[in-house]
Amino acid sequence: MSLPSATGMTADVAVAADATTPGRPPALELRGLTKRYGTLTAVSSVSLSVAAGEILGLLGPNGSGKSTTLNLVMGFIKPTAGEVIIHGHSLRTAPRAALQDVGGLVEGSAFYPYLSGRLNLQMLARLRGLPASRADEVLELVGMLHAAERTFGDYSQGMRQRLGVAGALMHRPRLIVLDEPTSGLDPAGTREMRALLPRVAAEGTTVVLASHLLTEVEQVCTRVAIMQAGTILTTGAVEDLLHQRPRWRVRLAPDARPRAAELLRVLPGVRSVEAAEDDLLVEAETDGESLNRALFAAGLVASELEPLVPSLESVFIELTERTPAP
Ligand SMILES: Nc1ncnc2c1ncn2[C@@H]1O[C@H](COP(=O)(O)OP(=O)(O)OP(=O)(O)O)[C@@H](O)[C@H]1O
Ligand SMILES: [Mg+2]
């Protein structure tokens, strides 16, 4: 009599353990997320999964739907269709559970200008039911402890932004959402903010940020989702996106170039060969050694042969130009 139930319990426990260990739910999941304003579709059926600990960059030109997506994630606006799931909790059916572990960049105006940075954060701590000492912890994390006693109104734009991030981190959320975190910052402030985000991620917090700055995403993010006209064109590790189309630059004497081009064009793995000033640009799924060996076997000598790593900018331009806005 007791045996079947005991067996059943063991099975249940085993299933529960499986579900919580390697198969931990993603920090954030968007499923067919859509937001329409009248006839304009700001976000169009976006699906995306962000694993815990990632720094994901939403990259896209102005008006591509980045802020709308983040506002949907923060629950500030409601989707027309689709769903936001945070740490396994649906924002639609369990908003409290979904949002309890999320922090967003608090706008500078949310702080009292006549109080010190520390006092502002201590008040925020009290509002959230946290000890006042948490204020100094987050001040330290964002590198603002030295300016804790200064009045918020006297802070520079960069300091205000960092205090905003400190506020967002106050309740130790597992996910933080930042919309253009370096907008309005000077180069030094930008550098400080960019250095801060990997520190935050190292503490185990997942970061999702929107940016229209390629360099920012390239420097800070572990993965990027490229948005255009409300849709995600592609997602991938920044590294992988940069190596999608391997190309080689081959330098040869001018008289050798036509024959080399002819030869390379028919080589296995070579997709295209173009002449560019003194070089041949070879798009090929092969290694440089094979290219070099084929040339050498035909009596052609390359004086230089190097892989070309495209910039994220060129990948981005190619992707967004290839896909016309509707
Ligand atoms: N409240 C709103 N009412 C009507 N249209 C809106 C609203 N909010 C956003 N939009 C429109 O939705 C589209 C996407 O806007 P969104 O602000 O999400 O873009 P973005 O990628 O954040 O752009 P940016 O780089 O300029 O910040 C735009 O065409 C915008 O005009
Ligand atoms: Mg925006």
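Keep in mind it's a predicted model, so treat the numbers as computed, not measured. (Residues numbered from 1 in each chain as written. Chains lettered and ligands numbered in written order. Predicted model: local features only at pLDDT ≥ 70, side-chain atom pairs only at ≥ 80, totals over all residues. Heavy atoms only, no water.)

S.K.: What is the right way to look at the overall build of the protein chain in this model?
M.R.: Along the backbone of the protein chain there are 12 helices and 14 strands. By the burial criterion, 44% of the 326 residues in the protein chain qualify as buried. Sequence separation of 24 or more characterises 67% of the internal contacts of the protein chain that already satisfy a separation of 6 or more. Accessible surface for the protein chain amounts to roughly 16900 Å². Of this, 54% is attributable to carbon and sulfur atoms. (Helix = DSSP H or I, 4+ residues; strand = E, 2+ residues; numbered from the N terminus. Buried < 20%, exposed > 50% of the residue type's maximum accessible area, 1.4 Å probe, protein only. Contact = heavy atoms within 4.5 Å. Areas by Shrake-Rupley, 256 points an atom, 1.4 Å probe, with all protein chains shown as cover.)

S.K.: I keep staring at the pairing of strand β11 (residues 247-251) and nothing clicks. Help me out?
M.R.: The side chains of a regular strand alternate, residue by residue, between the two faces of the sheet. Inspection of the sheet shows β11 paired to strand β13 (residues 279-284) by 5 bridges, in the antiparallel sense. Across the sheet, the residue bridging to R251 is D279, located in β13. Relative to strand β14 (residues 304-308), β11 is paired through 5 bridges, and the arrangement is antiparallel. By the bridge assignment for β14, R251 is matched with E304. (Pairing = 2+ DSSP bridges.)

S.K.: What should I look at first to understand the packing of aromatic side chains in this one?
M.R.: Working definition: an aromatic ring pair is given by the centre-to-centre distance plus the angle between the planes. Per the counting criterion, the structure on display carries 3 aromatic pairs. For the ring pair Y112 and Y114, a centre distance of 5.8 Å and an interplane angle of 50 degrees mean the geometry is tilted. Accessibility expressed as a relative area gives 38% for Y112, which makes it partly exposed. Each ring, one from F152 and one from Y155, has its centre 5.7 Å from the other, and the planes form 65 degrees; the classification is edge-to-face. Accessibility assignment for this pair places F152 and Y155 in one class, buried. Cluster of aromatic residues (ring-pair linked, three or more members): F111, F152 and Y155. (Phe/Tyr/Trp six-rings, centres within 6.5 Å; stacked < 30°, edge-to-face > 60°.)

S.K.: I keep staring at the site of ligand 1 and nothing clicks. Help me out?
M.R.: In the region of ligand 1, the neighbouring residues are Y37, L40, A42, P61, N62, G63, S64, G65, K66, S67 and T68. A distance of 2.9 Å is found between an oxygen atom of ligand 1 and a side-chain nitrogen or oxygen belonging to N62. Note that an oxygen atom of ligand 1 is positioned 2.7 Å from one of the side-chain N or O atoms of K66. Protein chains bury 59% of the 640 Å² of accessible surface belonging to ligand 1 in isolation. Elements that contribute at least two residues to the shell around ligand 1 include exactly β2 (40-50) and α2 (66-73). Counting residues per element, the shell around ligand 1 draws most heavily on α2, which supplies 3 residues. The class makeup of the residues in the shell around ligand 1 is 4 nonpolar, 6 polar and 1 charged. (Near = heavy atom within 4 Å. Polar contact = N/O pair within 3.5 Å; in protein donor to acceptor, adjacent residues only side chain to side chain. Nonpolar A, V, L, I, M, F, W, Y, C, P; charged D, E, K, R; others polar.)

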